[in-house]
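Observations on the three-dimensional arrangement
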Amino acid sequence: MATTVWIVLQHRDGKLHRMSREALCAGQRLAAAVGGTAEAVLLGSKVEGLAAEVGGTALARVLVADDEGLAQYTPGGWVGALAAAAGERKPGYLVMPHTYQTVEYAGRLSQALDAPWVAEAVGLEAGDGGLVWRRPVLAGKLQARVRTRGQPVLVSVQSGAWPADEVESGQAPVEPLALAAGAVAPDREVLGVEQVAGEQVDLTQAQVIVAVGRGVGGPEKMEPLRELAQALGAELAASRPVIDNGWLPRDRQIGSSGQTVAPKLYLAAGISGAIQHLVGMKGSQVVVAINKDREAPIFKIAHYGIVGDLHEVVPALTAAVRETAG
Amino acid sequence: MKIAVCVKQVPDSEARLRVAAGGRWIEEEDLPFVINESDEYALEEGLGLAEKSGGEVVVFSLGPARVREALRKALALGAARAVHLADPAFEGGDALATGRALGAALAQESFDLVLTGSQSDDLGYGSTGSVIAGHLGWPHAWLVMGVEIEEGGKHAKVTREMESGLNEVLRLELPAVLEIQAGLNQPRYASLKGIMQAKRKEIRELAPGDLALAAEQVGAAGSRLELLEVSVPEAGHEAQIFEGDPVAAAASLVEKLRKEARVL
Ligand SMILES: Cc1cc2nc3c(=O)[nH]c(=O)nc-3n(C[C@H](O)[C@H](O)[C@H](O)COP(=O)(O)OP(=O)(O)OC[C@H]3O[C@@H](n4cnc5c(N)ncnc54)[C@H](O)[C@@H]3O)c2cc1C
Ligand SMILES: Nc1ncnc2c1ncn2[C@@H]1O[C@H](COP(=O)(O)O)[C@@H](O)[C@H]1O
């Protein structure tokens, strides 16, 4: 029997999550690599509209588990539904977008199915010894090649690793995915969604951003960075640890949990370049990195870089900027 | 409340990493290790909740002998005692194997709450906590940014981070596993008194047999992911790098940004 690749789509308010299309692309390519067929899986309640939209993709079918208990995402609901359905239909792979929602439930799904989970996959190699996946380790400083044992295999694909615009279109029938009674077991009450306190500064309109990382070393050492920002007419922003430590307010965080920006110039000082930071700024036109470590991952996406101690480089840069301006 | 906190020891993020001979993992000799960042926040949250409710914190860690140092630090910060899954058979596991072992160790006592970090800075699976929850049959939440125990101790109100600056507020039944995200509190520093007291606190060592697990169910043997090798990833494109004298480097950079990139 040919292998089936399930692509589990994430959605909210009647819209597919942006990364669901990347997962579709990854799933289609995986199905081609293993000589199998790709099927989309939608969990929810009253999702006919979405199912019809996904039906325009080159898939064997779109499976819809429509259940009131799935009206809202809960780990218990999702794990229960997917474990029951996968146990019955035996897909070889479950491909998911690597979102906060997926990470939350996929560990428990892998436990329920006793199945490997390749988290944060960024690449796939199909060779004689079977499939080999690539995923980042050690905060993106290194990449690991991993093999899996047993099936099904869960794979969550990293943002940007598979192109959403290369999803093959086609015609896929929409079919119900029946779930055993009691399979869906919501295990939390959702009381509401709120903006993170103090979300006031809008960095998305900034033309120039000076972003500060943990490498700055402490709140008392921020002044030269403020001066550089001023000389450049830039907004000051930061990576997460700077915010977590209270050196700048939370509304200045860039990254997957913070703001997503795409300025003309993004200058990152003392930032290593973890993926959760990069997703918030990789659309910037020109990226400059200042870091004492030549091997910091930020240099892999930067256009220009200075390797050195930011406490020496930043004042020098401010002076040089003022000089050309003056 | 009786609270368990799982802490992992990981390489210091400042440390220079070298791929070990054979290429399977990094060279660990002479590498400085620290408590995983989000685990420090988990420990602080656990200590705070225990103080408020008059309970205690027990710390758990799986790893080689060096892990005792992380456990000692947690004891110095205020944990009552520690459990060390110390047998070499436990090592090299994926989240399934590590979560199975930790889950079995946690199940030997009756905790009201198990706290973990949200993600380890080395392997970064983000799932050991939820695998533990699966074994215990408890609800769980990932990326917890706030915990409030309700009167009576049967439920908790939990704030969970979502993407793009949003938080979700949830109500979970206890006992539960909460996977704590960095930034929800301010971790304390160890006091001299704490450090002295830690020397007398218990670190209990466990082997698979103590958990009714076979050696093949834990560590690398019990894993469904096999790590083949690690290597430095390729760059998207080559950056133009300036090194050496900061003043000269700054001048060259500004020149490039003006004339070549035209962004100044
Ligand atoms: C679910 C989740 C969500 C996350 N969301 C976000 C997010 O939204 N935004 C975000 O930024 N992170 C986020 N993170 C955290 C992320 O994984 C990284 O931990 C974080 O981005 C690292 O910040 P950093 O680069 O400032 O610190 P580090 O990784 O510690 O890097 C510090 C850098 O400074 C350099 N340095 C040190 N001293 C100097 C000096 N004197 N001169 C020059 N360079 C120096 C070092 O070489 C190093 O490269 C998230 C993590 C998780 C698990
Ligand atoms: N070896 C370990 N010992 C103790 N706790 C661990 C271990 N591995 C993972 N954890 C816990 O699980 C969390 C998530 O880790 P991971 O699934 O590897 O990203 C960590 O933040 C720790 O709290």
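About the criteria used
- Residues numbered from 1 in each chain as written.
- Chains lettered and ligands numbered in written order.
- Predicted model: local features only at pLDDT ≥ 70, side-chain atom pairs only at ≥ 80, totals over all residues.
- Heavy atoms only, no water.
- Buried < 20%, exposed > 50% of the residue type's maximum accessible area, 1.4 Å probe, protein only.
- Helix = DSSP H or I, 4+ residues; strand = E, 2+ residues; numbered from the N terminus.
- Pairing = 2+ DSSP bridges.
- 1 Å grid on protein atoms, 1.4 Å probe; cavity = no way out; pocket = protein on both sides within 12 Å on 5 of 7 lines; lining within 4 Å.
- Points joined across faces, edges and corners; volume = space filled by probe spheres on them.
- Nonpolar A, V, L, I, M, F, W, Y, C, P; charged D, E, K, R; others polar.
- Contact = heavy atoms within 4.5 Å.
- Buried area = accessible area lost by both parts, 1.4 Å probe.
- Salt bridge = Lys/Arg side-chain N within 4 Å of Asp/Glu carboxyl O.
- Polar contact = N/O pair within 3.5 Å; in protein donor to acceptor, adjacent residues only side chain to side chain.

Let us look at the pairing of strand β7 (residues 140-149) of chain B. All names here are of chain B. Judged by how many residues are buried, β7 sits mostly within the fold: eight of 10 residues are covered. Both β7 and strand β10 (residues 176-180) contribute to a ladder of four bridges, which runs parallel. Looking at the pairing, Trp142 lines up with Glu179 of β10. Note: β7 against strand β8 (residues 155-161), five bridges, orientation antiparallel. Bridging from a neighbouring strand, Val147 pairs with Val158 of β8.

In this structure the tally under the stated criterion is two cavities of 30 Å³ or more. Each pocket or cavity is described by its volume, and for the largest cavity that value is around 70 Å³. Along its surface, the largest cavity is lined by A:Ser110, A:Ala115, A:Pro116, A:Trp117, B:Asp94, B:Ala95, B:Leu96, B:Tyr125, B:Ser127 and B:Leu225. Partitioning the lining of the largest cavity into residue classes produces seven nonpolar, two polar and one charged. Here the second largest cavity is characterised by a volume of approximately 30 Å³. Lining the second largest cavity are A:Val8, A:Leu9, A:Gln10, A:Trp78, A:Pro97, A:Gln101, A:Thr102 and A:Tyr105. The element contributing the most residues to the lining of the second largest cavity is helix α4 (residues 100-113) of chain A, with three residues. Its residues assigned to classes, the lining of the second largest cavity comprises five nonpolar, three polar and no charged.

Further remarks concern the interface of chain B and chain A. The partner chain A presents 82 residues to the 87 residues of chain B that form the contact. Carbon and sulfur atoms make up 55% of the area that chain B and chain A hide from each other, which totals about 7,300 Å². Per-residue buried area on chain B facing chain A is highest for B:Glu163, B:Arg224 and B:Val263; these three make up 9% of the total on that side. For the interface between chain B and chain A, the tally reads 11 salt bridges. Our count for the chain B to chain A interface comes out at 35 residue pairs in polar contact (both at pLDDT 80 or more). Element by element, the count of residues in the side of chain B that touches chain A is highest for helix α6 (residues 246-259) of chain B, at 10 residues.

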